[in-house]
Amino acid sequence: RHAGGLGRRRRRRAGPAPSSSGVSGGEEATRRGAMVSRQMSQLWLLSLVLARMAAIAFSGGVCTDLGNVALSFCADAAQDAESCASGCGGTPPGETCSDAHCMWTEDCDSSCGFITAESDEGSSATPIIIAVIVAVFLLCVGAAFFFYKQSSRRTSSPTPVTTVGAASSGPKPMTMGGGGFHGGFVPPPPVATTSSAASSVATAVSSSVLTVQVKCGSCFQQVTINAGDGTTTCRYTCPVCGQLNEFHVGPAQPSAGRMVPVVYPSYWKTQSSTSKDFVQESDEVKNAVQDLLNKTWKNQWTRDRGRDGKILKYEVVMVQRNENPAIFDPYFRTRHALLESMRETPPTQYEPKTRTLAGPESQSLLDRAQLNAKVNEFYLFHGTKPSAAKSICDNDFMVSKAGSNKGTLYGPGVYFAEASSKADEYADDDKEGIFSGMYAMLICRVTCGNVNYTDEVSPPVQGLVDSILKSGTHHSVLGDREKCRGTFREFIVFDQAQAYPEYVVIYKRVPA
């Protein structure tokens, strides 16, 4: 009764069972229970065999050949030498077995080596064998108890609880927080290769049921679970490592945000979700991009550039426009959903330098984009290399690779710059191919929504990320290093559906 009560108390502390949030843990609990039962049954069976051997030893004699133990008993004390069924090898001529347990005297000529407590040889061997048997027996009991405790801890204990990201309504994996779904963030262990704000993708099954793919924050195994109606905290037990995971699903955006028809930019050739294109831009657009890079350039060194990194200027070689509905559609719907959610409480509007410093040429680029200031939609830069730029345009940003180049000061998101010289710090050149020796920069549409602004030298990373992925009060982070360090401002989003890589700029570095 005491053990059962303890188990019930643990389950209460652990919060609602997975089934309460749409997650069924019955099959997993049954499988784990059967496995532990088999292990304990085997250990207890071995323990009983050893206990029987110990009992035989304490009764006064053992066989030095353990293989003969089962044959070393007389079935009947009244048997004579000729008919004795004892497997120990014989009864002295003319005598009968005096003990049903074959307690021979010293003149016994047993060929199996059965020794009694009266024998000198037996008196020295028996305690050692008894000690070995008892020790193994205790080890078996200890092992059985250990397995029991492990099983109890995995199935009942609420800690440690690893928080993992919930999902977006977008069709691409690795999407976190879009469409109104938010997941908490817990920094991963040093050996982790991806953030524990685990990668996930959600698919709306109906108007009231949300199926989510999440990765365990411990072993990173991806599983599909039912998150109910998407308005609560969900918990599930990883079927691989047994870790209890938790993720928070914030208030869902209106379904219209996920199903609204997509309107593509009027200057795009692609006007249907069934096609895509990668367009070589005109000289007019190339000159506008060159003007934007020049106007936002700043002669400011940071440690991200490296000790020997020189601050050069940039000469645009080529501009290509990415028309990819597979990426733009989730972006458009996420922007629409954020706009709808903030209609009653409009966010504080910010002005990036890509807007305030734009010259007449680059202003034409902004005008035709028709960026939505109500949802803090900006054109921002993202430095990379030519081969990686094409991959991003084809497959979208990968939140799991956040910080793989220069680190993540404000958490594991996608980082953007309003200054071309800041984005250039993260750019690299291709070592071979047609763009060998050239660098790449993406000009992206970024919907920042309600911005969580910070100008602290050492920003509270967990609080910033939780405000976006857990509580859902904000949608992006603006880290003002220009104010606190005199360097640059950075914009960070944690949902790849809030950014669309529209232009690829191939450029060369030239003396300032």
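Everything here concerns the structure above.
Being a predicted model, the structure only gives us computed values, none of them experimental.

Participant: Can you lay out the nonpolar core for me, pointing to particular residues and giving the numbers?
Facilitator: One finds Val289, Phe328, Tyr379 and Tyr503 to be the most contacted residues of the largest nonpolar core, which totals 36 residues. Residue contributions to this core peak at 5 residues, all from helix α5 (residues 283-295). With near-sequence residues (within four places) excluded, tyrosine 503 lies in contact with Tyr267, Glu281, Val285, Val319, Gln320, Arg321, Leu365, Arg368, Tyr379, Met441, Leu442 and Ile443. Counting 25 residues, the second largest nonpolar core, distinct from the first, contains Met318, Phe435, Ala440 and Leu478.

Participant: If you had to explain the packing of aromatic side chains to someone new, which residues and values would you point to?
Facilitator: Pairs of aromatic rings are described using the distance from one ring centre to the other and the angle between the two planes. A complete count under the given rule lists 14 aromatic pairs for this structure. Put simply, the rings of Tyr264, Trp268, Phe328, Tyr331, Phe332 and Tyr500 touch in pairs and so form one group of aromatic residues. For the cation-ring pair, lysine 298 lies above phenylalanine 488, with the distance from its terminal atom to the ring centre recorded as 5.3 Å. Sitting above the plane of the phenylalanine 278 ring, lysine 390 keeps its charged end 5.1 Å from the centroid.

Participant: Which residues make up a nonpolar patch on the surface, and what are the values?
Facilitator: There is a patch of nonpolar side chains on the surface, built from Ile128, Val132 and Val136 and spanning about 250 Å² of accessible area. Exposure remark for valine 132: the relative accessible area of 48% places this residue in the partly exposed category.

Participant: Outline the pattern of salt bridges, listing residues and values.
Facilitator: Going through the model one piece at a time under the given rule, you end up with 21 salt bridges. In this structure, the salt-bridge partner of glutamate 418 is arginine 489, at a minimum N-O distance of 2.9 Å. You can see glutamate 418 sitting in the loop between β12 (414-417) and α10 (420-424) and its partner arginine 489 sitting in strand β16 (residues 489-493), a full 71 residues away along the chain. The salt bridge partner of lysine 422 is glutamate 425, with a shortest N-O separation of 3.0 Å. For the pair formed by lysine 422 and glutamate 425, the shared burial category is buried. Connected through salt bridges with shared partners, the residues Lys298, Lys353, Glu418, Glu482 and Arg489 form a single ionic network.

Participant: Could you give an account of the pairing of β16, with specific residues and numbers?
Facilitator: Burial analysis of β16 places 5 of its 5 residues in the buried class, which makes it a mostly covered element. Here β16 shows a buried face lined by Arg489, Phe491 and Val493 and a second buried face lined by Glu490 and Ile492. As judged from the 4 bridges shared by β12 and β16, these two strands associate in the antiparallel manner. Bridging from a neighbouring strand, phenylalanine 416 pairs with phenylalanine 491 of β16. With 4 bridges connecting them, strand β15 (residues 476-480) and β16 associate as antiparallel partners. If you follow leucine 478 over to β16, its bridge partner there is phenylalanine 491.

Participant: Give a description of the packing of α5 against helix α8 (residues 360-369) that names residues and reports values.
Facilitator: If you want to describe how two helices pack, look at the angle between their axes and the distance between the axes. Put simply, α5 and α8 touch, their axes get as near as 7 Å, and they point 110 degrees apart. Considering the angle they form, α5 stands roughly perpendicular to α8. Of the two elements, α5 crosses α8, and the hand of that crossing is left-handed. Counted together, Val285, Asn287, Ala288, Val289, Asp291 and Leu292 of α5 and Pro360, Glu361, Ser362, Ser364, Leu365 and Arg368 of α8 form the full contact between these two elements. The residue inventory of the contact of α5 with α8, partitioned by class, reads 6 nonpolar, 3 polar and 3 charged.

The rules we used
Residues numbered from 1 in each chain as written. Predicted model: local features only at pLDDT ≥ 70, side-chain atom pairs only at ≥ 80, totals over all residues. Heavy atoms only, no water. Core = buried A, V, L, I, M, F, W, Y, C linked by side-chain atoms within 4.5 Å. Buried < 20%, exposed > 50% of the residue type's maximum accessible area, 1.4 Å probe, protein only. Helix = DSSP H or I, 4+ residues; strand = E, 2+ residues; numbered from the N terminus. Contact = heavy atoms within 4.5 Å. Phe/Tyr/Trp six-rings, centres within 6.5 Å; stacked < 30°, edge-to-face > 60°. Lys NZ or Arg CZ within 6 Å of the ring centre and 35° of its normal. Patch = residues over 30% accessible without salt bridge, like charges linked within 9 Å, V, L, I, M, F, W, Y side chains within 5 Å. Areas by Shrake-Rupley, 256 points an atom, 1.4 Å probe, with all protein chains shown as cover. Salt bridge = Lys/Arg side-chain N within 4 Å of Asp/Glu carboxyl O. Pairing = 2+ DSSP bridges. Axes fitted to C-alpha atoms, helices over the stretch in contact; angles between N-to-C directions. Parallel < 35°, antiparallel > 145°, perpendicular 65-115°, else oblique. Left-handed = near helix turned anticlockwise from the far one by under 90°. Nonpolar A, V, L, I, M, F, W, Y, C, P; charged D, E, K, R; others polar.

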